[in-house]
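Commentary on secondary and tertiary structure
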Amino acid sequence: MPEKTVKKCPECGATNLKVNRDRGEVACRECGLVLEDTMVDFEQEWREFDAEAAEKKRRTGAPMSYTHFDQGLGTEVGTKADYYKLGGGNKNKFFRLRKWQQRISTAIERNLKLALSELKRVSSYLKLPSNVEEEASRMYTRAVQKNLVRGRSMESVVAGCVYAACRRQGVPRTLDEIAEASDVEKKEVGRTYRFVTRELDIKILPSNPADYVPRFASSLNLSAETQTRAVEIIEAAQRAELTSGRGPTGIAAAALYVSSLINGEKRTQREVADVAGVTEVTIRNRYKELLEELGLEDELNR
DNA sequence: AAGACGAAAGTGGTTGA
DNA sequence: TCAACAACTTTCGTCTT
């Protein structure tokens, strides 16, 4: 096993890292960021001489995943068969443990089961990549463990987790889209999103307008060149400090609008506004700033 | 007639006393 | 807890193509 050199989480600075050999990952215990997921151990560090040893040492099974309520690793306190192996004194203990197990199951796990299927529904509706779904599931699991769902609807917490996971994975969806997919009010999604990220101490970088470009562009049937141009415009705008404090969707929309004009694939302000979920007015304001500050007028008059 | 433009008032959320 | 505030929206009248 090669020594790992990573000692600190680049995301939150925590040194509290967890090596998970079964999944080949090094993950941060604080924020769940996976630092290293290509760690592969080709060696077999044990040998099996007989069936019993093999049983103990083999560690393969169904893949572990946070999208299952128990991470795919079910554990049950045994049933009748085990019961007969126990001596008298242990019988009470046995029942006590079973009872506990059932209580825990009914409370946390049932909630998780339900919530994670809701989460699956939402993320497939939004066609989210699996890494986002994974991360959202992980967040939700932590939220349940910290009792954050109490007093909030399960759906809204799921929605908040999905939104946060999207942001963290650089595939942002707008609050509107999440709200529509999860049937939770936009306001509520935003509120639980802020609550959950604060309570779980999850750091979210301000979303980059450029992350929205590919999706908006494809909704508008814009060419790859126009897309690239839009991203360049956004980068220039960021250098000119035109982006801070502004809604990222508005910036992305305006950049796309300008680049569609430059590349002769004109879309109306209304069309762009609709897919970006902003108004024409916002596009106009951003658009005006872009032209003034970046000197793009020359390119338009050609 | 449709699209672009801009002024003005309204909305929801953040911030700082 | 409240008021000030910035960003964004809604609405609407006017100009341009």
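Fair warning: this is a prediction, and the values are worked out from it, not measured in the lab.

Lining the immediate surroundings of DNA strand C are Gly-245, Arg-246, Gly-247, Gly-277, Val-278, Thr-279, Val-281, Thr-282 and Arg-286. In DNA strand C, atoms within 4 Å of the protein come 82% from sugar and phosphate. With respect to DNA strand C, the side chain of Thr-279 contributes an N or O atom lying 3.1 Å from a phosphate oxygen. For DNA strand C, a phosphate oxygen lies 2.5 Å from a polar atom in the side chain of Arg-286.

A few words on empty space enclosed by the protein. Evaluated as defined, the whole model comprises one cavity of 30 Å³ or more. There is about 40 Å³ of room inside the largest cavity. As for the largest cavity, its lining consists of Ala-237, Leu-242, Thr-243, Ile-251, Ala-254, Arg-286, Glu-289 and Leu-290. When contributions to the lining of the largest cavity are tallied by element, the ones reaching two or more residues are helix H10 (248-262) and helix H12 (280-294). If one sorts the elements of the lining of the largest cavity by residue count, H12 sits on top with three residues. Here the residues of the lining of the largest cavity sort into five nonpolar, one polar and two charged.

Before going further, it helps to spend a moment on the packing of aromatic side chains. All told, the structure shown has three aromatic pairs when counted by the stated rule. An angle of 85° between the planes, with centres 4.6 Å apart, marks the rings of Tyr-163 and Tyr-193 as edge-to-face. Note that Tyr-163 is positioned in helix H5 (residues 154-168) and Tyr-193 in helix H7 (residues 186-199), a separation of 30 residues in sequence. On the numbers, 5.6 Å between centres and 20° between planes, the contact of Tyr-212 with Phe-216 is stacked. Across this residue pair, the class does not change: Tyr-212 and Phe-216 are buried. In this structure, Arg-152 packs its charged tip against the face of Phe-195, placed 3.6 Å from the ring centre.

A word on H12. Taking 1.5 Å as the rise per residue, H12 with 15 residues should run 21 Å; its terminal C-alpha atoms sit 20 Å apart, in good agreement. For H12, the set of buried residues is Ile-283, Arg-286, Tyr-287, Leu-290 and Leu-291. Buried positions in H12, seen along its axis, are confined to an arc of 135° and lie on one side of it. Pointing more than 90 degrees away from the buried face of H12 are the exposed residues Lys-288 and Glu-292. Of the residues flanking the end of H12, it is Gly-295, one or two places downstream, whose phi is positive at about 60°.

Below, the discussion takes up unusual backbone geometry. With the exception of glycine, the majority of residues adopt a negative phi angle, and the majority of peptide bonds are in the trans configuration. Here the phi dihedral of Asp-183 falls at roughly 60°; this positive angle occurs in a residue that is not glycine. According to the relative accessible area criterion, Asp-183 is exposed, its value standing at 73%. For Glu-241, which is not a glycine, the phi torsion comes out positive at approximately 55°. Mapped onto the elements, Glu-241 comes out in the loop between helix H9 (224-239) and H10.

Overall, the prediction assigns chain A a mean pLDDT of 74, with 62% of residues at 70 or greater. Counting contacts from residues 1-6, a segment whose pLDDT is below 50, to residues more than four positions away or on other chains yields seven contacts. Under a pLDDT of 50 for its full length, residues 70-74 has, in the predicted model, six contacts with residues more than four places off or in other chains.

Moving on, we come to the protein's contact with DNA strand B. Taken together, Lys-187, Arg-194, Tyr-257, Lys-266, Thr-268, Gln-269, Arg-284, Tyr-287 and Lys-288 are the residues near DNA strand B. Counted by atom, the contact set of DNA strand B within 4 Å of the protein is 69% sugar and phosphate. Tyr-257 places a side-chain nitrogen or oxygen 3.4 Å from a phosphate oxygen of DNA strand B. Between DNA strand B and the protein, one listed contact pairs a phosphate oxygen with a side-chain N or O atom of Gln-269 at 2.4 Å. Looking at the surface near DNA strand B element by element, the count peaks at three residues for H12.

Reading guide: rules and limits
- Numbers given to residues run from 1 along each chain, matching the order in which its sequence is written.
- Chain letters start at A and ligand numbers start at 1, both assigned in the order the entries are written.
- Owing to the predicted nature of the model, reporting of local features is limited to residues with pLDDT of at least 70; listing and counting of side-chain atom pairs is limited to 80 or more, with chain, interface and lining totals taken over all residues.
- Hydrogen atoms and water are omitted, and side-chain values are computed over all heavy atoms in the structure.
- The criterion for a residue being near a molecule or strand is simple. One of its heavy atoms has to lie within 4 Å of it.
- Whenever a nitrogen or oxygen atom comes within 3.5 Å of another N or O atom, the pair is scored as a polar contact, on the condition that within protein one atom can donate a hydrogen and the other can accept it, and that pairs from neighbouring residues in sequence are kept only if both atoms are in side chains.
- A pocket here means an open set of points on a 1 Å grid, computed over the protein atoms alone, that has protein on both sides within 12 Å along at least five of seven lines. A cavity is instead a set of points where a 1.4 Å probe fits but cannot get out; residues with an atom within 4 Å of a point line either one.
- Grid points are joined across faces, edges and corners, and a volume is the space filled by probe spheres set on the points.
- Secondary structure elements follow DSSP: runs of H or I of four or more residues count as helices, runs of E of two or more count as strands, with numbering from the N terminus.
- Throughout, the ten residues Ala, Val, Leu, Ile, Met, Phe, Trp, Tyr, Cys and Pro are labelled nonpolar, Asp, Glu, Lys and Arg are labelled charged, and all others, Gly among them, are labelled polar.
- By convention, a stacked pair of Phe, Tyr or Trp rings (six-membered ring in the case of Trp) has centres within 6.5 Å and planes under 30 degrees apart, an edge-to-face pair has planes over 60 apart, and any other such pair is tilted.
- Note on exposure labels: buried denotes an accessible area under 20% of the residue type's maximum, exposed denotes more than 50%, and partly exposed covers the range between, all computed with a 1.4 Å probe on protein chains only.
- In this scheme, Lys NZ or Arg CZ marks a charge over a ring once it lies within 6 Å of the ring centre and within 35 degrees of the ring normal.
- Given a helix with a known number of residues, its expected span is that number minus one, times 1.5 Å.
- This arc is built from the directions going out from the helix axis to the C-beta atoms.
- The pLDDT score gives, residue by residue, the confidence of the prediction method on a 0 to 100 scale.
- Contact definition: two residues touch when any of their heavy atoms are within 4.5 Å.

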